[in-house]
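# Descriptive analysis of the structure
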Number of protein chains: 2
Amino acid sequence: MTIYDPDTLAWAYLSRVVQGPSTYLGTLVEQLGVQEAARCVRTGDLPLEFREKTQARAHLDTARRDLDLMEAMGGRLVTPQSPEWPAWRMLAFDGLGRAAEDNSPCALWVVGSEKLADVTERSIAIVGTRASTSYGDHVTAEIAGDLAADGWTVISGAAFGIDGAAHRATLGVGGVTVAVLACGVDRAYPSGHARLLQQIARSGGVVSEYPPGTTPAKFRFLARNRLVAAMSDGIVVVEAGWRSGARNTATWGRRLGRPVMAVPGPVTSASSAGCHRMIREGEALLVANASDVVDVAGPVGVGDCSEDEAAVRALDSLSGNSRLVYEALPGSGSRSVNQLAEESGLLINHVRATLPLLELEGFAGSDTTGWFRIK
Amino acid sequence: MTIYDPDTLAWAYLSRVVQGPSTYLGTLVEQLGVQEAARCVRTGDLPLEFREKTQARAHLDTARRDLDLMEAMGGRLVTPQSPEWPAWRMLAFDGLGRAAEDNSPCALWVVGSEKLADVTERSIAIVGTRASTSYGDHVTAEIAGDLAADGWTVISGAAFGIDGAAHRATLGVGGVTVAVLACGVDRAYPSGHARLLQQIARSGGVVSEYPPGTTPAKFRFLARNRLVAAMSDGIVVVEAGWRSGARNTATWGRRLGRPVMAVPGPVTSASSAGCHRMIREGEALLVANASDVVDVAGPVGVGDCSEDEAAVRALDSLSGNSRLVYEALPGSGSRSVNQLAEESGLLINHVRATLPLLELEGFAGSDTTGWFRIK
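This part covers the overall build of chain A. Looking only at helices and strands, one finds 17 helices and 13 strands in chain A. Taking all 375 residues of chain A together, 50% fall into the buried category. By sequence separation, contacts in chain A at least 24 residues apart represent 72% of the contacts at least 6 residues apart.

Laid out in structure tokens, this is it:
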């Protein structure tokens, strides 16, 4: 029998009881630690509003069983304390580049051999209608295949149609693909994609914020779309209706500051109508191929540029935790690691891991008073 | 033998000698009248630069022959003095709605029964590649047919491919279509469209700024594209390469303040690549059907709106000469008809015809000192 550490058991418990994103839970864990937060949820020692949301499931302590099942499947629970937690990906940024909204899931159930933060480091979401046409399948395969061959991870939702075409094309070129599910990772949904899901797990990973056994439901698809958007550097919609899951993912993308792209098609095809409308209404940029996608979502290209531009580009190269910590560094005076954790919203151990890298790249300096920004 | 009035003969002479747009000629006619301007051109009594441009053809006085030919064809010479001259259509406007650039042709040779100012009152240009696909032809026919059935004039260049499809679809629904040529209107170019050009002449009109007998040449196609854009309320590109005549027309459209639209297609089709790039780079708005086109180019819809909005919309409804004269009216003090002609760049008789309409609609008032603006 596997021995789980108490933090992991607490996260697993909370994931089962809370299900989905909760800003309140994030604050509670931040203030009390995860074990104490779990105790509060279990005993109902909570503000009324949050107690009402959790009390129906508070008695369900299936943490050990869920973790055992994950282990049996070769999976794991990734928590905000895990080194592979892609913390920054969940945050929405305001106009000044500050974290303005935390869309983190409680934890992520993952089946897959790759570390989550690694596989999502350079990733594009490709989503679209389940009722795709052969044109849509073809274009999806072209774009996904080219992106994957170029080293991009392709993220999608494992649905029939465009999602499936994106995963398959990526697997076809030996690329890395991640499926984010609206049900437990032990469930094959849709069941027709059971074998595909196994292949995806061996490639990049199958991910869900819902504990094992959770069945898909409409609100879970909407929450799942937020994770697809959050984990990617950009969202490409290929064939979608106007009111569609794909457009919901795109809306999340804009909210999270991700570039949203759409592929046009024949105006005679109803399947492309949503894409056309998104482009027309300024909700998405038109892309016709992988090269267009990289132009929009990729890192700034290498080339001749002035020193000023070089500095801006170097700064642009900061991403994830590095970016958050850099933004938290003061331009004058200095801050302690604790203060930087508070300011950036990151865990202290993440701040501590990031600062030496920033120093190495010439973005941060330190003295006896603390850390400061170097511009 | 038809007797032509001396002004008409002078315009016909100038059209043959000057060929194409000339700002200098416009100024010369404005200052000296058309007969004296023609005399200056004929005798070389001109500034060096303009003399050099005209001296090679100055001896060609084919005016009477050209006008006879037009009459035999059932055509006519439309000049800036003609009531049907669509004066305002040739002007580019600056950010403040003032005429900033005059792209007027010297005169227009027209075969067609309808008055030019009337048929271009509410008109859309539809242009595209000569090497159209069946998809492009189909979409062009759908859009042109729907616009024409809705009372819009469809303007194009009578070329093979998209142009031809636009003209044909308009004729097919009994609509009004205008072809602007880069050669004399007595020439059927392309010759394969000889019968189509006859049908277009019976519908709306076949128009050229070049005198009879002029052969097509590359620079004339580019100048012709300016007229296609100028005569329309919006330009729709269906299937075009990146460096194409259609894109040149679109560029003229933007310069003249016309909305430019492009129809997407399969990203697998090279014929749609130019349209996609124009949309991606913000040179054109995506439109998928006639309804989208009307949304972009049409008059402001009727609906509930506040009084302020109603006022703005009423002002927006002013177009052509009305708009130019309104802009020339002073907000305080008053101006004479002569001053308004000078200010608006319109001929005195046009200003005189427009003022009573503006007064009727409550935009202008008059007293013993002259005319003023009512807001």
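All right, on to the packing of helix H1 (residues 6–18) of chain B against helix H5 (residues 63–73) of chain B then. Residue and element names in this part refer to chain B. One can describe the packing of H1 onto H5 by two numbers: an axis separation of 8 Å at closest approach and a directional angle of 100°. One way to sum up the angle between H1 and H5 is to call them roughly perpendicular. Seen from H1, the contacting residues are Thr8, Leu9, Ala12, Tyr13 and Arg16; seen from H5, they are Ala63, Arg64, Asp66 and Leu67. Here the contact of H1 with H5 is built from residues that sort into 5 nonpolar, 1 polar and 3 charged.

Let us now look at the pairing of strand E13 (residues 370–373) of chain A. All names here are of chain A. Sheet topology note: the strand E12 (residues 364–367)/E13 ladder contains 4 bridges and is antiparallel. What sits directly across from Ala364, in E13, is Arg373. Linking E12 to E13, which pair antiparallel, is a turn of 2 residues.

Another point: the interface of chain A and chain B. Of the residues lining the interface, 16 residues belong to chain A; the matching set on chain B comes to 16 residues. Elements with a minimum of two residues in the side of chain A that touches chain B: helix H7 (134–149), helix H12 (273–280) and strand E11 (285–286) of chain A. Ranked by the residues each element gives to the side of chain A that touches chain B, the list is headed by H12 of chain A, at 3 residues. Residue composition of the side of chain A that touches chain B, by class: 10 nonpolar, 4 polar and 2 charged.

This brings us to the nonpolar core. Counting 217 residues, the largest nonpolar core has Val236 and Val237 of chain A together with Val236 and Val237 of chain B as the members making the most contacts within it. In terms of residues, this core owes the most to one element, helix H1 (residues 6–18) of chain A, which gives 8 residues. Residues contacting Val237 of chain A, with those up to four places away along its chain left out, are Val127, Gly128, Ala246, Ala250, Met261, Ala262, Cys275, Met278 and Ala284 of chain A.

Residues and elements named next belong to chain B. Among the residues making up helix H2 (residues 23–32), those that are buried are Leu25, Leu28 and Val29. The buried side chains of H2 occupy one side of the element, clustering within an arc of 95° when seen end-on. Residues of H2 that are exposed and point over 90 degrees away from its buried face: Thr23 and Gln31. The secondary structure elements touched by the buried residues of H2 are H1 and helix H3 (34–43). Directly beyond the C-terminal end of H2, a positive phi value near 85° is found at Gly33.

Now for the sheet that holds E11 of chain A. Residues and elements named next belong to chain A. Pairing within the open sheet is mixed, and its 9 strands lie in the order E1-E4-E8-E7-E6-E5-E9-E10-E11. Since the sheet does not close on itself, it has two edges, and those belong to strand E1 (75–78) and E11, each with one partner. Both strand E10 (residues 260–263) and E11 contribute to a ladder of 2 bridges, which runs parallel. Across the sheet, Met261 pairs through a bridge with Leu285, a residue of E11.

On to the relation of the copies chain A and chain B. Note on the chain copies: they are related by a rotation about an axis and a translation along it. When chain A is fitted onto chain B, the two copies agree to an RMSD of 0.1 Å after a turn of 179° and an axial shift of 0.1 Å. Viewed as a symmetry operation, the transformation between the two copies matches a two-fold axis.

Moving on, we come to the domain arrangement of chain A. Residue and element names in this part refer to chain A. Annotation of chain A at the domain level lists domain 1 (1–61), domain 2 (108–297) and domain 3 (307–373). When each unit is reduced to the centre of its C-alpha atoms, the spacing between domain 1 and domain 2 is 30 Å. Taken together, the contact between domain 1 and domain 2 spans 5 residues of the former and 4 residues of the latter. Of the residues contributing to the side of domain 1 that touches domain 2, the split by class is 1 nonpolar, 3 polar and 1 charged.

With mixed pairing, the 9 strands of this open sheet are ordered in space as E1-E4-E8-E7-E6-E5-E9-E10-E11 (chain B). Strand pairing shows two members of the sheet lacking a second neighbour, strand E1 (75–78) and strand E11 (285–286) of chain B, which therefore form its edges.

On to helix H13 (residues 290–297) of chain B, then. Regarding H13 of chain B, the residues found buried are Ala290, Asp292, Val293 and Ala297 of chain B. Taken end-on, H13 of chain B shows its buried residues confined to a sector of 155°, consistent with a single buried face. Where H13 of chain B is buried, its residues touch H12 of chain A together with strand E5 (123–128), helix H7 (134–149), strand E9 (235–238) and strand E10 (260–263) of chain B.

Turning our attention to the packing of H1 of chain B against H3 of chain B. Residues and elements named next belong to chain B. In contact at an axis separation of 8 Å, H1 and H3 are set at 40° when each is read in the N-to-C sense. Between H1 and H3, the interaxial angle falls into the category oblique. When the axes of H1 and H3 are compared, the crossing they make is left-handed. Side by side, H1 and H3 meet where Pro6, Asp7, Ala10, Trp11, Tyr13, Leu14 and Val17 of the first sit next to Val34, Gln35, Ala37, Ala38 and Val41 of the second. Here the residues of the contact of H1 with H3 are counted per class, giving 10 nonpolar, 1 polar and 1 charged.

Residue and element names in this part refer to chain A. Residue Pro190 is reached from Tyr189 by a cis peptide bond, and omega for that bond is -5°. Residue placement: Pro190 occurs in the loop between strand E7 (177–180) and helix H9 (194–203). The phi dihedral of Glu239 falls on the positive side, at around 55°, and the residue is not glycine.

How each quantity is defined
Residues numbered from 1 in each chain as written. Chains lettered and ligands numbered in written order. Predicted model: local features only at pLDDT ≥ 70, side-chain atom pairs only at ≥ 80, totals over all residues. Helix = DSSP H or I, 4+ residues; strand = E, 2+ residues; numbered from the N terminus. Buried ≥ 20, exposed ≤ 12 C-beta atoms within 10 Å, placed from the backbone. Contact = placed C-beta atoms within 7 Å. Axes fitted to C-alpha atoms, helices over the stretch in contact; angles between N-to-C directions. Parallel < 35°, antiparallel > 145°, perpendicular 65-115°, else oblique. Nonpolar A, V, L, I, M, F, W, Y, C, P; charged D, E, K, R; others polar. Pairing = 2+ DSSP bridges. Core = buried A, V, L, I, M, F, W, Y, C linked by C-beta atoms within 7 Å. Arc of directions from axis to C-beta. Least-squares fit on C-alpha atoms with pLDDT ≥ 70 in both. Domains from an automatic or database assignment. Left-handed = near helix turned anticlockwise from the far one by under 90°.

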